[in-house]
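Geometric and topological summary
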Amino acid sequence: MQLECETCGASLRVEADQRTAVCPYCASPAVVERAPSNDRPSPHFVLGFTTTRESAQGAVTAWLGKRSLFVQSSVKRGTIDAIRGVYTPAYLYSAMAQTRYAAQIGEDYQETETYTTTDDKGNSVTRTRVVTRTEHRHLEGQHATYVMDVLVVASRAVQNAELEAIEPFDLRTMRRYTPAVLSGWVAEEPTMTQPECYALARREALEKIGRDLAGFMPGDSHHGLTHETRLDQETLELLYVPLWVLAIRHDPREPPFRVLINGQTGAIHGKAPLSWVKIVLAVLLVILLIAAPFVLAAARDRDPAERRGVARPPALVTAPAPAPTPAPTERVRPGGSRPTPTGGTR
Ligand SMILES: [Zn+2]
């Protein structure tokens, strides 16, 4: 029987007697029955659960207690609202990769150089020392490799980055898919298209090639590594990976948040809601700590000015007294008795 979540778009495959009323990914009750479609690829492999529900619960309780200071205070007292084991669809990608690369390789060598300095008596002396220098040379070449075991998510309900956060899975325990393996569990049909998953997988493959190339560059150092890869013989095989999906309720007024656990290794990933009040207070505290020395210095500088300010009033009182200026009218009168230039010409 197939069910579809109207909230996150997950497409769930359950047994007829196992009617799940809520979506295992988003805890939404908006799950509707959907007719099975034939355009979906059939699964190739399954990785079974090797951790128990109880161990997943214990791991999450420990994880909640270790969250950073900046999460909402209620998170540490959060309770597990729901825990569900889900077989989540993922694709296993492999390809032949032909890579052309170029880089500047640095080779270190040591050289003895002479230099002039002054000794403790002030005399100019010539001494020698050993220095390390780097010689750069251009290197380019081709590298062929078979990229395999690139795992990307095929469910719209889980982000590829979330899956990456709890990888790796132990692919040695991979079994051929049979419906019996999924019996009793909820499994999701792939909800992402193959082209979308190819794009995710190629990006991961190229990142991996870049890391590998950087790792086997010769010399003591390198820089300016560039590479261009052609991928051939690509395959994409549908695989079910085991995930414990937990809904954590930390505040009755807020929706629960989600935590994912690798059903094989117990690796955990989740984003506990942050407390913006705490973050803003911490930022203010940091600003205060940075600003404190300047504020104190400014306060010290202002003190003498204030003392001068106190001394100023007597000066203001005595200033007008010693120099009384003559009244303007006294100056006008002598000028007025002189003949004006216009009056003289007349
Ligand atoms: Zn959902």
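In what follows, the structure referred to is the one given above.
What this report covers is the structure whose coordinates are included nearby. Owing to the predicted nature of the structure, the values given are computational and were not obtained by experimental measurement. (Residues numbered from 1 in each chain as written. Predicted model: local features only at pLDDT ≥ 70, side-chain atom pairs only at ≥ 80, totals over all residues. Heavy atoms only, no water.)

**Here's the deal with the coordination of the zinc ion**
Within the protein, Cys-5 (SG), Cys-8 (SG), Cys-23 (SG) and Cys-26 (SG) serve as the donor atoms for the zinc ion, at 2.2 to 2.4 Å. Along the chain, the residues donating to the zinc ion fall in the pattern C-x2-C-x14-C-x2-C. Here the residue Cys-5 occupies a position in strand 1 (residues 2-5), and Cys-26 occupies one in the loop between strand 2 (11-13) and strand 3 (31-34), the gap between them amounting to 21 residues. A relative accessible area of 29% places Cys-26 in the partly exposed class. (Donors = N, O, S within 2.8 Å, 3.2 Å for Na, K, Ca; no water. Helix = DSSP H or I, 4+ residues; strand = E, 2+ residues; numbered from the N terminus. Buried < 20%, exposed > 50% of the residue type's maximum accessible area, 1.4 Å probe, protein only.)

**Some points on the side chain of Ser-155**
Mapped onto the fold, Ser-155 is located in the loop between strand 6 (124-153) and helix 2 (160-166). From its side chain, Ser-155 meets the backbone nitrogen of Ala-157 in a polar contact 3.0 Å long. Polar side-chain contacts of Ser-155 include one of 2.6 Å to the side chain of Glu-188. (Polar contact = N/O pair within 3.5 Å; in protein donor to acceptor, adjacent residues only side chain to side chain.)

**Quick look at the pairing of strand 1**
Relative to strand 2, strand 1 runs antiparallel, the two being bridged by three bridges. For Leu-3, the partnering residue across the bridge sits in strand 2 and is Leu-12. Hairpin connection of strand 1 to strand 2: five residues between the antiparallel strands, including Gly-9 at a positive phi of 85°. (Pairing = 2+ DSSP bridges.)

**Observations concerning the nonpolar core**
Formed by 50 residues in total, the largest nonpolar core has its most connected members in Tyr-25, Tyr-93, Leu-151, Leu-163, Val-241 and Leu-243. Listed by contribution, the elements that provide at least two residues to this core are strand 1, strand 5 (79-118), strand 6, helix 2, helix 4 (194-215) and strand 9 (221-249). (Core = buried A, V, L, I, M, F, W, Y, C linked by side-chain atoms within 4.5 Å.)

**A short note on helix 1 (residues 53-65)**
In this model, helix 1 (13 residues) spans 19 Å end to end at C-alpha, consistent with the 18 Å of a helix rising 1.5 Å per residue. Buried within helix 1 we find Ala-56, Val-60, Trp-63 and Leu-64. Within helix 1, the buried residues cover an arc of 95° as seen down the axis, which keeps them to one side. Within helix 1, the exposed residues directed more than 90 degrees away from the buried face are Glu-54 and Thr-61. In this structure, the buried side of helix 1 is in contact with strand 5, strand 9, strand 10 (257-262) and strand 11 (268-270). (Expected span 1.5 Å × (residues − 1). Arc of directions from axis to C-beta. Contact = heavy atoms within 4.5 Å.)

**Focus: the pairing of strand 5**
The side chains of a regular strand alternate, first on one face of the sheet and then on the other. Here 25 bridges tie strand 5 to strand 9, and the two strands are oriented antiparallel to one another. In the sheet register, Leu-92 faces strand 9, and the bridge partner there is Glu-237. The pairing of strand 5 with strand 8 (residues 186-189) spans two bridges and is parallel. Bridging from a neighbouring strand, Val-86 pairs with Val-186 of strand 8. In terms of strand pairing, strand 5 meets strand 6 through 28 bridges, oriented antiparallel. Paired with Arg-100 across the two strands is Gln-142, which belongs to strand 6. Hairpin geometry of strand 5 and strand 6 is characterised by an intervening segment of five residues between the two adjacent antiparallel strands and by a positive phi of about 85° at Gly-122.

**Some points on the environment of Ala-97**
Residue placement: Ala-97 occurs in strand 5. Between the alpha carbons of Ala-97 and Gln-233 there is a distance of 8.9 Å; along the sequence they are 136 residues apart. Ala-97 has contacts with His-143, Ala-144, Thr-145, Val-147, Ile-209, Thr-229, Arg-230 and Leu-231, leaving out every residue within four places of it along the chain.

**Quick look at the side chain of His-143**
When you line up the elements, His-143 lands in strand 6. In this structure His-143 touches Ala-97, Gln-98, Thr-99, Tyr-101, Leu-213 and Phe-216, once residues within four positions along its chain are discounted.

**A short note on the layout of surface pockets**
The computed volume of the largest pocket comes to approximately 200 Å³. As for the largest pocket, its lining consists of Met-148, Asp-149, Val-150, Leu-151, Glu-164, Glu-167, Glu-204, Glu-207, Lys-208 and Arg-211. Of all the secondary structure elements, the ones that give two or more residues to the lining of the largest pocket are strand 6 and helix 4. Its residues placed into classes, the lining of the largest pocket shows three nonpolar, no polar and seven charged. (1 Å grid on protein atoms, 1.4 Å probe; cavity = no way out; pocket = protein on both sides within 12 Å on 5 of 7 lines; lining within 4 Å. Points joined across faces, edges and corners; volume = space filled by probe spheres on them. Nonpolar A, V, L, I, M, F, W, Y, C, P; charged D, E, K, R; others polar.)

**What about the pattern of salt bridges?**
What the rule picks out here adds up to 12 salt bridges. Salt bridges linked by common partners bring Glu-111, Glu-113, Arg-129 and Arg-133 together as one network. (Salt bridge = Lys/Arg side-chain N within 4 Å of Asp/Glu carboxyl O.)

**Some remarks on the packing of aromatic side chains**
Enumeration over the complete set of coordinates arrives at eight aromatic pairs. Where Phe-49 meets Tyr-87, the ring centres are 5.1 Å apart and the plane angle is 75°; that geometry is what we call edge-to-face. Of the two residues, Phe-49 sits in the loop between strand 4 (45-46) and helix 1 while Tyr-87 sits in strand 5, which places them 38 residues apart along the sequence. Grouping residues by exposure puts Phe-49 and Tyr-87 together as buried. Judged by centre distance (6.1 Å) and plane angle (50°), the ring pair of Tyr-177 and Tyr-240 falls under tilted. Placement of Tyr-177 in the loop between strand 7 (175-176) and helix 3 (179-182) and of Tyr-240 in strand 9 is noted, with a sequence separation of 63 residues between them. Exposure class is identical for Tyr-177 and Tyr-240. Each is buried. (Phe/Tyr/Trp six-rings, centres within 6.5 Å; stacked < 30°, edge-to-face > 60°.)

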